[in-house]
Amino acid sequence: MESAKPEEPATQAATEVKAEVEDEVTPFNIAAASDSGIDYDKLVDKFGCSRMTDELREKIERLTGRAPHRFIRRNIFFCHRDLDIILNRYEQNQLFYLYTGRGPSAEALHLGHTIPFIMTRYMQEAFDVPLVIQITDDEKFMYRPELSQEQVAKMAISNIKDIIAFGFDPEKTFIFLDTEYIKELYPNVTKVQKAVTLNQIKGVFGFNDSDPVGKYAYPPIQAVPSFCNSFPHIFGSRKNVPSLIPCAIDQDPYFRMTRDVAARLKYEKTGTFYSTFFPGLEGMKGKMSSSSLHNTILLTDSAADVKKKINKYAFSGGGATEQEQREKGANLDVDMPYQYLRFFLEDDAELAQIAEDYSTGKMLTGQIKQKLIEVLSTYLKEFQERRKAITDEDVKKFMEVRKINPVPKKFEEARKAKEAAEKLAKEAEAGAGAQ
Ligand code: TRP
């Protein structure tokens, strides 16, 4: 688009990426050219995002008063757009909010789906900010020819219960279904639709002339939850609250477009915070996907399922025999048990020890698999217990269009302290004047 800055190539086709870096990364497909997975370093430059830095990690720690999430410590959330700006604003007690979403295309979520929600939940808690979650029943109906609206509606409710089970704050979280909340979004949707041309949508998303028009119409709908005036029940008449979107980097084409349009509509540009993909069990070449069940661990899987899948399907970077493993050690870069522990094992020291022992052959493939089975079984058991407790009432509560106070407690306290200090100063002045 003409107003795009050079570092933000909004018109660059998501599909073009393939030719240049050989990896394919679009909202619709992810395929690495190499067995060691996507070259994220190249991708950051290609998309024009900014790399995560130690300085930003330290800033997050300072602003939240706690160690950054393991996904941040391990550079799993590895690049961003304007995260620095949003943090600077927050430092000066200026609001932001979180926005993320989910397209309901399967009944049960899998482990890959948990990454943005785990991260978003941490950020909501750490920064004490409001969160909006878009459930794109319209998108999945449009992009999945095999799905009926009834099927999507059913999956949406099930997915919403899963999402609530991540532990979002009911006082600060608004979950909405596109087909229900569209009335509030529509004024902004039409503004975006008016500002974006067919050429631009084709360029960014790679659609062709045989695609249904609804596909072209959808990207503006994913754009507008990043504008705060789409949620008057949260932001009232505030006009300048930026959003921050934690998600996987495949969604960047949507938000490149969104940022470009925001500048022209005089809205705040959304910030983004992107993760790498969660690889499928069979290796680093693709992300985990619901379409291949033995490549996937579902959130509904039992401990026995997890054990079986990991032992049977998890691609190993270890030696083919015990002797070979003892002699040569494992290649961690392609080893799924190790890669999954990076995502799910909390203890940094323990992870480092495993890396050391397994890569040098002191630890065997069976042992690292066993460790992963324990970690994931515990995680899933806890998740499933929370999920079981989620009721239709909870769904209603999170989806109700209701007043939400967007201001972090910390900001309120700072404001009160400042007011009290000002009052004291005034009184002292008045007292001094009376004498
Ligand atoms: N397009 C996303 C999907 O297919 C859903 C989505 C909507 C989303 N809004 C979002 C994802 C914001 C991340 C951030 O699942």
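Values in this document were obtained by computation on a predicted structure and should not be read as measured data.

Draft legend 1. Here's a closer look at the site of the ligand. Looking at the ligand, there are 15 residues lining it, with Tyr 99, Gly 103, Gln 134, Glu 139 and Gln 222 nearest. The contact in question runs from an oxygen atom of the ligand to an N or O atom on the backbone of Gly 103, over 3.0 Å. One of the side-chain N or O atoms of Lys 140 is found 3.1 Å from an oxygen atom in the ligand. Sorting the residues of the shell around the ligand by element identifies strand E5 (97–102), helix H7 (137–143) and strand E8 (243–248) as the ones contributing at least two each. The greatest single-element share of the shell around the ligand, amounting to four residues, is contributed by E5. The residue inventory of the shell around the ligand, partitioned by class, reads five nonpolar, seven polar and three charged.

Draft legend 2. Structural detail: the pattern of salt bridges. Per the stated rule, a full pass over the model turns up 33 salt bridges. The partner of Arg 51 in a salt bridge is Asp 41, with the nearest N and O atoms 3.2 Å apart. Linking Arg 51 in strand E3 (residues 50–51) with Asp 41 in helix H2 (residues 40–47), this pair joins segments that are 10 residues apart in sequence. Classification of Asp 41 by relative accessible area gives partly exposed; the value is 48%. Of the charged contacts, one joins Lys 309 and Asp 301 as a salt bridge, the two residues approaching to 2.8 Å between their closest N and O atoms.

Draft legend 3. Representation of the state of the cysteines. Inspection of every chain in the model, using the stated rule, returns zero disulfides. Here Cys 79 is not disulfide-linked; the sulfur of Cys 49 is the nearest cysteine sulfur, at 4.2 Å. For Cys 79, a relative accessible area of 0% puts it in the buried group. No disulfide involves Cys 247; its sulfur sits 9.5 Å from that of Cys 79, the nearest cysteine. Of the residues examined, Cys 247 reaches a relative accessible area of 6% and is grouped as buried.

What counts and what doesn't
- Residues numbered from 1 in each chain as written.
- Predicted model: local features only at pLDDT ≥ 70, side-chain atom pairs only at ≥ 80, totals over all residues.
- Heavy atoms only, no water.
- Near = heavy atom within 4 Å.
- Polar contact = N/O pair within 3.5 Å; in protein donor to acceptor, adjacent residues only side chain to side chain.
- Helix = DSSP H or I, 4+ residues; strand = E, 2+ residues; numbered from the N terminus.
- Nonpolar A, V, L, I, M, F, W, Y, C, P; charged D, E, K, R; others polar.
- Salt bridge = Lys/Arg side-chain N within 4 Å of Asp/Glu carboxyl O.
- Buried < 20%, exposed > 50% of the residue type's maximum accessible area, 1.4 Å probe, protein only.
- Disulfide = S-S within 2.5 Å.

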